[in-house]
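Each chain, written out:
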Amino acid sequence: MRENHVVEFEEGRLLAWTPSDPGRTPPPGHLWRWELQPLAPDRHDTARTAVRHTYDWTHLVDEHRFDRARATTSERLRGSLDRLAAAAEQ
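Computed from a predicted structure; not experimentally measured. (Residues numbered from 1 in each chain as written. Predicted model: local features only at pLDDT ≥ 70, side-chain atom pairs only at ≥ 80, totals over all residues. Heavy atoms only, no water.)

**Structural notes on the nonpolar core**
Next, step 1: Judged by nonpolar contacts, W17, W32, W34, Y55, L60, A69, L77 and L81 together constitute the single largest core of eight residues.
Next, step 2: Breaking this core down by element, the ones donating at least two residues are strand 3 (31-39) and helix 2 (74-88).
Next, step 3: Leave out the neighbours within four places in its chain, and L81 touches W34, V51 and H53. (Core = buried A, V, L, I, M, F, W, Y, C linked by side-chain atoms within 4.5 Å. Buried < 20%, exposed > 50% of the residue type's maximum accessible area, 1.4 Å probe, protein only. Helix = DSSP H or I, 4+ residues; strand = E, 2+ residues; numbered from the N terminus. Contact = heavy atoms within 4.5 Å.)

Structure below.
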């Protein structure tokens, strides 16, 4: 189980969080962020949004998490964006 602590939020524009084990304060130092940019509707008048997903572990202090942090590749971030898109389209 994980707790996510929201550390940045702007409605419709930005969501950033730091995950941690339940009850652990402060979190170990990695940050996940979704930055949203509304785009002009497409030719079918469908609203679209560009999403930039970043993972920053430069402040990670838990050495046991370093290998997993290094394994967070652009492909894994893309998978997260794909899951977000699927949930938004439901």
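**Regarding the side chain of H30**
Next, step 1: Summarising the element assignment, H30 is placed in the loop between strand 2 (14-20) and strand 3.
Next, step 2: By relative accessible area, H30 is classed as buried at 8%.
Next, step 3: With residues near it in sequence (within four places) discarded, H30 still touches R2, W17, T18, P19, Y55, D56, W57, L60 and R65.

**Focus: the packing of aromatic side chains**
Next, step 1: Scanning all chains against the criterion turns up three aromatic pairs.
Next, step 2: Where W17 meets W34, the ring centres are 5.0 Å apart and the plane angle is 70 degrees; that geometry is what we call edge-to-face. Of this pair, W17 sits in strand 2 while W34 sits in strand 3; the two residues are 17 residues apart in sequence, bridging distant segments of the chain. Accessibility classification places W17 together with W34 in one group, the buried group. (Phe/Tyr/Trp six-rings, centres within 6.5 Å; stacked < 30°, edge-to-face > 60°.)

**Regarding the pattern of salt bridges**
Next, step 1: According to the stated counting rule, one finds seven salt bridges in the structure shown.
Next, step 2: In this structure, R2 and D21 form a salt bridge, with 3.0 Å as the shortest nitrogen-oxygen distance. Of this pair, R2 sits in the segment before strand 1 (3-10) while D21 sits in the loop between strand 2 and strand 3, and the two are 19 residues apart along the sequence.
Next, step 3: The exposure class of R2 is partly exposed, given its relative accessible area of 35%.
Next, step 4: In this structure D21 comes out as partly exposed when scored by relative accessible area, which is 31%.
Next, step 5: As a salt-bridge pair, R78 and D82 come within 3.0 Å of each other at their nearest N and O atoms. Here the residue R78 and the residue D82 both occupy positions in helix 2, the gap between them amounting to four residues, near one helical turn. (Salt bridge = Lys/Arg side-chain N within 4 Å of Asp/Glu carboxyl O.)

**Considering the confidence of the model for the protein chain**
Next, step 1: Confidence along the protein chain averages 88 in pLDDT terms, with 100% of residues attaining 70 or more.
Next, step 2: Averaged over each element, pLDDT in the protein chain is lowest for helix 2 (88) and highest for strand 1 (94). (pLDDT = per-residue confidence, 0-100.)

**Some words on the pairing of strand 1**
Next, step 1: With seven bridges joining them, strand 1 and strand 2 adopt antiparallel strand pairing. Of the residues in strand 2, the one forming a bridge with V6 is W17.
Next, step 2: The hairpin turn running from strand 1 into strand 2, its antiparallel successor, is three residues long, and G12 in that turn takes a positive phi close to 70 degrees. (Pairing = 2+ DSSP bridges.)

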